[in-house]
Amino acid sequence: MLLVWIFAVPVHTFVLQPSVNVTVLRNVSVEGDLWAEHRLDQLMEALNTGKEKRSEEKATVQGVDEETDTVHSKRTEEHDRNTTYLQEVEGEEHLPPTVNQYTTPHAMATAFQPVLHLLKESVTLLPSSPSTSQRQATVSSKTTVETTILHIVNSTAEAMGTTLLVNESSTIDDLRVELHVTNGSKLHPLEEVSVDVTAMAARAGPTAKTPPSTFMAKLPKKAAAKKKKVIKGKVKKLIKGILKKAKKVKKFKRERKLKPTTPSYFPYFEDHYCPSKCSCYGRVVQCSDKDLGKIPYGIPYNSRYILLMNNHIDSIQLNLLSEYDSMEFLVLSNNRLTDASIEGAFEGIQSLKRLYVERNLLRSIPTDLPVTLEELRLDGNQISVMSDAAFGRCPGLLILSLSNNSLGNKSSTIPPGVLLPLGKLQTLTLSYNQLSSVPLQLPLSLQELYLRGNRIQSLQGDMFWGVAELQVLDLSANRLTNKGLGKEALLNASNLESLNLEGNSLKQVPHNLPWTIKTLNLEGNFISSITKDAFISMPQLEHLGLARNKITKVALGAFRVLPLLHQLDMSHNALQQVPRQLPLWLHSATFANNKIHAIPRDAFCWGRGNESPLSRLVKVDLEYNMIDLGHLDTLAFRCLRGFQVVHFY
């Protein structure tokens, strides 16, 4: 911001140069005043001269009038040029530039130049010393003119965004004028000029030429007042033009600030558009956790993944989603959708493969699912019924997840064969419902079935009509008993590899399990003993979990029939010794939190005599038992890779 300081009232001249600071100092000495008084007395004596000087005075007056007319004509031309410029500015089709034209020292000097030139003319230079009364009148008149000029200059500076600070001295001899042009907060006085009165008059040119003494004597009041009035009028006109121009610039700034910036065309649904509350990464639109009440308007039609989870969406605009021909993945989890609010919403979507509508308020499975759908997740709703119409439209479904619903509520069961239209179904999740039995007539293509946390008490033989491809079966946290797992329970699951029976009511290891099983979890049951032939029908078993049971006794060689067993967990039981003849290829054995106080010599190392092959055990966990390390038989660990394998603490 430009800052201009003016200290004092009388102004005799300004020397302005582009990009410089100017200080004009007027120091009038006491000797100058005495000389002025003496010269003024001479003028007064000249008033008493004869008629012989009258003709000379007339000629002088005519010359001064001609000079005044010349000055007036020059000022008129300058005024006309300014008027023409303002008319051109007003007639322009485009608004003026926004940059303030008075913000640089050079521009401000140019704007003040006409004013300063007129200020030069307002100064009266006395050629000789006047009388005391005349000097007082002259000083009074000059003070009035200079005060008026300062007021005008101050007004002009305010219009141009410049600050003028005026400090008036007590006497005219001590008056000083200082002009500082500052840029920002720094003050840069670059030049200081002491102005000599006579030199100023010489530099001012003919317009400021000192009139003869006879002229000053003849016209000390009327002519000076008239000339002062003319100059004052010209200055006012010039300043008025500058103020008008500054006002136009200010108006333009205000109008441009208020002018709306929103384009008339907004690229909704275009490839490069992204809703304001969403984040877009290529063709992935992330609008999750945005507190949205509806699907944002304008999501690009070429989007492949649209993520809208964790909002408050309670409805879907009809025919909105059908416009997204490229959409493959839609996530609406954790919202407030109901059956009525999504009716017809998914119909006509051409490329949708994965649909997540978890944790909403649905009571039934949507019946307008697209034919291209491969994965449907409806977990955490209030679904209590399943119908054929729900899956008849999407025969290519591969994954169906309905956990944490109300299926099987009020003694109702899933109708047999309701899932048969899903001929390609591979994964079915029905965990944490209220089912009392496994659904019947499941698709033979099913590979993974999760039924954890239900009320199932038994498995029926007609769970599959034919040999199923089932590989993973999770029946944990149910109410199964040994009676419920009959001979025909898993007759058609000849490809089963993983069976989870954790947290049921089994009292012994189930018999008649598929020989293909590789992972068997029997943790958290009521098994008390392991017989010798408990695992004889499972030669491919690799991982066996028996933790958190009530096992106190294990028959000799009960695990020897498991040649591929890698991991055995028997923690949190009631064993008193480590089971004998554990498989030599066992990698990890856990017996923590038992009542073990003895380790038989043939527990880990057994064979003919003392030539037992090297064990493959890398970890034996015996923590929290009753072992007395002082009475350990060191031969019990002779085939281990080192004592670091065994953990007693």
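Within every chain, residues take consecutive numbers counted from 1 along the sequence as written. Per-residue local features are limited, in this predicted model, to residues with pLDDT of at least 70; the limit for side-chain atom pairs, both in listing and counting, is 80 or more; totals at the level of whole chains, interfaces and linings are taken over all residues. Hydrogen atoms and water are omitted, and side-chain values are computed over all heavy atoms in the structure.

Draft legend 1. Quick peek at the overall build of the protein chain. Within the protein chain, the regular secondary structure consists of 8 helices and 23 strands. Counting only residues that meet the buried cut, the protein chain has 43% of its 649 residues in that class. Considering only intrachain contacts with a sequence separation of at least 6, the fraction spanning at least 24 residues in the protein chain is 58%. What sets the accessible areas is the Shrake-Rupley method with a 1.4 Å probe; for residues, cover comes only from the shown protein chains. Counting every atom, the protein chain has about 34100 Å² of accessible surface; 52% of that belongs to carbon and sulfur. Runs of E in the DSSP output that reach at least two residues are strands. Runs of H or I that reach at least four are helices, and both are numbered from the N terminus. Under the scheme applied here, a residue whose accessible area is under 20% of the maximum for its type counts as buried, over 50% as exposed, and between as partly exposed, the area being computed with a 1.4 Å probe on protein chains only. In what follows, a contact means two residues having at least one pair of non-hydrogen atoms within 4.5 Å.

Draft legend 2. Summary view of the pattern of salt bridges. Any carboxyl oxygen of Asp or Glu within 4 Å of a side-chain nitrogen of Lys or Arg constitutes a salt bridge here. Scanning the entire structure with this criterion turns up 8 salt bridges. Glu375 serves as the salt-bridge partner of Arg354, at 3.2 Å between the closest nitrogen and oxygen. With Arg354 in strand S9 (residues 354–356) and Glu375 in strand S10 (residues 375–377), this residue pair connects regions lying 21 residues apart in the sequence. The salt bridge partner of Asp633 is Arg601, with a shortest N-O separation of 2.9 Å. Here Arg601 lies in the loop between strand S21 (588–590) and strand S22 (619–621) and Asp633 lies in the loop between S22 and strand S23 (646–647), a separation of 32 residues in the sequence. Residue Asp633 is classed as partly exposed on the basis of its relative accessible area of 27%.

Draft legend 3. Expanded view of the state of the cysteines. Put simply, a disulfide is two cysteine sulfurs that come within 2.5 Å. The full count for this structure, using the stated rule, is 3 disulfides. A sulfur-sulfur separation of 2.0 Å characterises the disulfide bridge that pairs Cys274 with Cys280. Between Cys274 and Cys280 the sulfur-sulfur dihedral comes to about 90 degrees; the bridge is accordingly right-handed. Taking the relative accessible area as the measure of exposure, Cys274 reaches 25% and is therefore partly exposed. Residue classification places Cys280 among the partly exposed positions, given a relative accessible area of 28%. The disulfide partner of Cys605 is Cys639, and the gap between their sulfur atoms is 1.7 Å. Handedness of the Cys605-Cys639 disulfide follows from its S-S torsion of about -90 degrees: it is left-handed.

Draft legend 4. Representation of the side chain of Asn525. Mapped onto the elements of the fold, Asn525 is located in the loop between strand S16 (519–521) and strand S17 (529–530). Looking at Asn525, its side chain comes within polar contact range of the main-chain oxygen of Glu523, at 3.3 Å. With sequence-adjacent residues up to four places away left out, Asn525 is seen in contact with Leu501, Glu502, Gly503, Asn504, Ser505, Leu506, Arg548 and Asn549. Contacts described as polar in this section are N or O atom pairs within 3.5 Å, which, within protein, must combine one atom able to donate a hydrogen with one able to accept it, while residues neighboring in sequence count only if both atoms come from side chains.

Draft legend 5. Summary view of the packing of aromatic side chains. What counts as a ring pair is set by centres within 6.5 Å for rings of Phe, Tyr and Trp (its six-membered ring), and what kind of pair is set by the plane angle: stacked under 30 degrees, edge-to-face over 60, tilted for all other angles. Considering all chains together, one arrives at 8 aromatic pairs under this definition. Relative to Tyr297, the ring of Phe269 lies with its centre 4.9 Å away and its plane at 80 degrees, an arrangement referred to as edge-to-face. Within this pair, whereas Phe269 is found in the loop between helix H7 (222–258) and strand S5 (279–281), its partner Tyr297 is found in the loop between strand S6 (284–286) and strand S7 (305–307), the two being separated by 28 residues in sequence. Take Phe269: its relative accessible area is 13%, and that puts it in the buried class. Classification of Tyr297 by relative accessible area gives exposed; the value is 54%. Between Tyr301 and Tyr324, the aromatic rings sit 5.2 Å apart at their centres with planes inclined by 65 degrees, giving edge-to-face as the arrangement. Of this pair, Tyr301 sits in the loop between S6 and S7 while Tyr324 sits in the loop between S7 and strand S8 (329–331), placing them 23 residues apart in sequence. Since its relative accessible area comes to 3%, Tyr324 is described here as buried.

Draft legend 6. Seen up close, the environment of Thr552. Mapping Thr552 onto the fold places it in the loop between strand S18 (543–545) and strand S19 (553–554). For Thr552, a relative accessible area of 47% gives the class partly exposed. In the structure, Thr552 is positioned 22 residues away from Ile530 in sequence and 8.7 Å away in space, judged by C-alpha atoms. Setting aside its immediate chain neighbours within four residues, Thr552 contacts Ser528, Ala574 and Leu575.

Draft legend 7. Highlighting the nonpolar core. Side-chain atoms within 4.5 Å link the members of a nonpolar core, which is a set of buried Ala, Val, Leu, Ile, Met, Phe, Trp, Tyr and Cys residues. If you look at the biggest cluster of nonpolar residues, it comprises 114 residues, and the most contacted ones within it are Phe535 and Phe604. Excluding residues within four positions of it along the chain, Phe535 makes contact with Val509, Leu520, Ile530, Leu541, Leu544, Leu546, Ala558, Phe559, Val561 and Leu562.

Draft legend 8. Focus on unusual backbone geometry. One non-glycine residue, Asn310, adopts positive backbone phi at about 60 degrees. Relative to the helices and strands, Asn310 is located in the loop between S7 and S8.

Draft legend 9. The arrangement of the confidence of the model for the protein chain in detail. The predictor reports its confidence for every residue as pLDDT, a score running from 0 up to 100. Looking at the protein chain as a whole, its pLDDT mean stands at 75, while 63% of the residues score no less than 70. Note that pLDDT drops below 50 for residues 261–265; the model gives that stretch 1 contact with residues more than four away or on any other chain.

Draft legend 10. Structural detail: a positive patch on the surface. Each patch is built from residues that are more than 30% exposed by relative accessible area and take part in no salt bridge. Like charges join if they lie within 9 Å; nonpolar side chains (Val, Leu, Ile, Met, Phe, Trp, Tyr) join within 5 Å. In this count, Lys and Arg are taken as positive residues and Asp and Glu as negative ones, while His and the chain termini are left out. Think of each charge as sitting on NZ of Lys, CZ of Arg, CG of Asp or CD of Glu. A cluster of basic residues, Lys247, Lys250, Lys251 and Arg254, forms a positive patch on the protein surface. By relative accessible area, Arg254 is classed as partly exposed at 45%.

Draft legend 11. Broad picture of the environment of Gln350. Of note, Gln350 is situated in the loop between S8 and S9. Taking the C-alpha atoms as reference, Gln350 lies 8.8 Å from Glu328; in sequence the two are 22 residues apart. Those residues in contact with Gln350, other than ones at most four positions away along the chain, are Asp325 and Thr372.

Draft legend 12. Quick peek at the side chain of Thr590. With respect to the helices, strands and loops of the structure, Thr590 is situated in strand S21. If we skip the residues at most four places from it in the chain, Thr590 touches Leu568, Asp569, Met570, Ser571 and Asp621.

Draft legend 13. Layout of the environment of Leu480. Locating Leu480 in the fold gives a position in the loop between strand S14 (472–474) and strand S15 (498–500). A sequence separation of 22 residues divides Leu480 from Ser458, and the C-alpha atoms of the two residues are 5.7 Å apart. Those residues within four positions of Leu480 in sequence are excluded, and the remaining contacts are Ile456, Gln457, Ser458, Leu459, Leu475, Leu485, Leu501, Asn504, Ser505 and Leu506.

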